[in-house]
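# Structure assessment
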Amino acid sequence: MPMATQNSNDMSNSSSCFYSKAGVVIPMCAGIVSAISSLTIMTVIYRSQVKFASIYNRIMLGVSFFDFIGSVSIALTLLPLPVDQPYPFPDWARGNTSTCEAQGFMVTLGTAATGIYICGLCTFYACLIIFQMSKKKMRMFVEPCIHISSWLIPLIACVSSCEVVTISVIIIIVSCYT
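Residues numbered from 1 in each chain as written. Predicted model: local features only at pLDDT ≥ 70, side-chain atom pairs only at ≥ 80, totals over all residues. Heavy atoms only, no water.

## Some points on helix H2 (residues 55-75)
Because each turn of an α-helix spans 3.6 residues, side chains separated by three or four positions in sequence point in the same direction. Selection rule: Note on conventions: DSSP H or I runs of at least 4 residues are helices, E runs of at least 2 residues are strands, and numbering of each starts at the N terminus. A helix is expected to span 1.5 Å for every residue after the first. N or O atoms within 3.5 Å of each other form a polar contact, as long as, within protein, one can give a hydrogen and the other can take it, and as long as residues adjacent in sequence are counted only when both atoms are side-chain atoms.
Taking 1.5 Å of rise per residue, the 21 residues of H2 would be expected to cover 30 Å, and the 30 Å separating its terminal C-alpha atoms lies within 8% of that figure. For H2, the side-chain oxygen to backbone nitrogen distance between the N-cap and Tyr56 is 3.2 Å, and the N-cap itself is Ser54. Positive phi appears at Thr77, one or two residues downstream of H2, with a value of about 35°.

If you want it as structure tokens, here you go:
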């Protein structure tokens, strides 16, 4: 007796955990916790006596700022998805193609910039501990490279994907990605 073949476009019968309620709720909760944590770090930096005078604080502010953007975008999970697209939870979708593209843009921007800022934090510590570079030299040479690369590389990647490739609605896991 031949087995029935499952339609590859029918995601409602998918056994993947990404198409379960846990696959929706877990990123939503993790995104909310991460966003609150990033806001807490930014608030602690702002309320500290040193504020933005420290290189470390400025780098951590950049990490937290972009992590907040990415985390909020991830926490939205299904809400920005287009109403007219087929997926397992159609009642949760409230968006359109533009909101899906905006979510993909913000997730990409936030996560990429956070990663580059973390690399910059590693570079800061390498210059401080291994190379014993003075803070004045780091402020003049290293820190501008960290901030410029952390802002420009993800921004150029996101904008170029909008302009050249034309961001399409691709539903991976439970969010829109570019």
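The structure having been displayed, the exposition proceeds.
## Some remarks on the packing of helix H1 (residues 21-47) against H2
Selection criterion: Axis definition: a line fitted to C-alpha atoms, over the contacting stretch in the case of helices. Angles run 0 to 180 degrees between N-to-C directions. Each angle receives one of four descriptions, namely roughly parallel if under 35 degrees, roughly antiparallel if over 145, roughly perpendicular if within 65 to 115, and oblique otherwise. Should the near helix be turned anticlockwise from the far one by less than a right angle, the crossing is termed left-handed; should it be turned clockwise, right-handed. Here, residues are in contact when the closest pair of their heavy atoms is within 4.5 Å. Any residue that is not Ala, Val, Leu, Ile, Met, Phe, Trp, Tyr, Cys, Pro, Asp, Glu, Lys or Arg is counted as polar, Gly included; the first ten are nonpolar and the last four charged.
Two elements in contact, H1 and H2, have axes whose closest approach is 8 Å; the angle formed by their N-to-C orientations is 155°. It follows that H1 is roughly antiparallel to H2 by the angle criterion. Between H1 and H2 lies a crossing of left-handed hand. Together, Pro27, Met28, Gly31, Ile32, Ser34, Ala35, Ser38, Leu39, Ile41, Met42 and Ile45 of H1 and Asn57, Met60, Leu61, Ser64, Phe65, Asp67, Phe68, Ser71, Val72, Ile74 and Ala75 of H2 make up the contact between the two elements. Here the contact of H1 with H2 is built from residues that sort into 15 nonpolar, 6 polar and 1 charged.

## Describing the nonpolar core
For clarity, the threshold we go by: By convention a nonpolar core is built from buried Ala, Val, Leu, Ile, Met, Phe, Trp, Tyr and Cys residues, the set being connected through side-chain atoms within 4.5 Å. Exposure categories follow from relative accessible area, calculated using a 1.4 Å probe and restricted to protein chains: below 20% of the type maximum is buried, above 50% is exposed, and the middle band is partly exposed.
Core analysis: the biggest nonpolar cluster contains 18 residues, and Ile59, Phe66, Tyr117, Phe124 and Met138 have the highest contact counts within it. At the level of elements, H2, helix H3 (97-130) and helix H4 (135-165) are the ones that each hand at least two residues to this core. In terms of residue count, the dominant contributor to this core is H3 (7 residues). Excluding its chain neighbours within four sequence positions, the residues that come into contact with Ile59 are Tyr117, Gly120, Leu121, Phe124, Ile146 and His147. Counting 5 residues, the second largest nonpolar core, distinct from the first, contains Leu78, Leu81, Ala93 and Cys100.

## Looking at the environment of Leu152
With respect to the helices and strands, the residue Leu152 is situated in helix H4. C-alpha separation for the pair Leu152 and Ala113, spaced 39 residues apart in sequence, amounts to 8.7 Å.

## Quick notes on the confidence of the model for the protein chain
The criterion, for reference: Confidence per residue, as judged by the predictor, is encoded in pLDDT with a range of 0 to 100.
The share of residues in the protein chain with pLDDT of 70 or more is 78%, and the mean pLDDT across the chain is 82. The weakest mean pLDDT in the protein chain belongs to strand E1 (residues 170-172) at 48; the strongest belongs to H2 at 96. Counted against residues more than four places away or in other chains, residues 1-13, with its pLDDT under 50, gives 7 contacts.

## Remarks on unusual backbone geometry
Even without being a glycine, Lys51 presents a positive backbone phi close to 50°. If you trace the backbone, Lys51 turns up in the loop between H1 and H2. Under the relative-accessibility criterion, Lys51 is labelled partly exposed at 32%. Located in the positive-phi region is Gln132, a residue other than glycine, with phi close to 50°. With respect to the element layout, Gln132 can be found in the loop between H3 and H4.

## Section: H3
Its 34 residues give H3 an end-to-end C-alpha distance of 48 Å, which sits within 8% of 50 Å, the value for a rise of 1.5 Å per residue. Backbone nitrogen of Ser98 and a side-chain oxygen of the N-cap are separated by 3.0 Å at the start of H3; the cap is Asn96.

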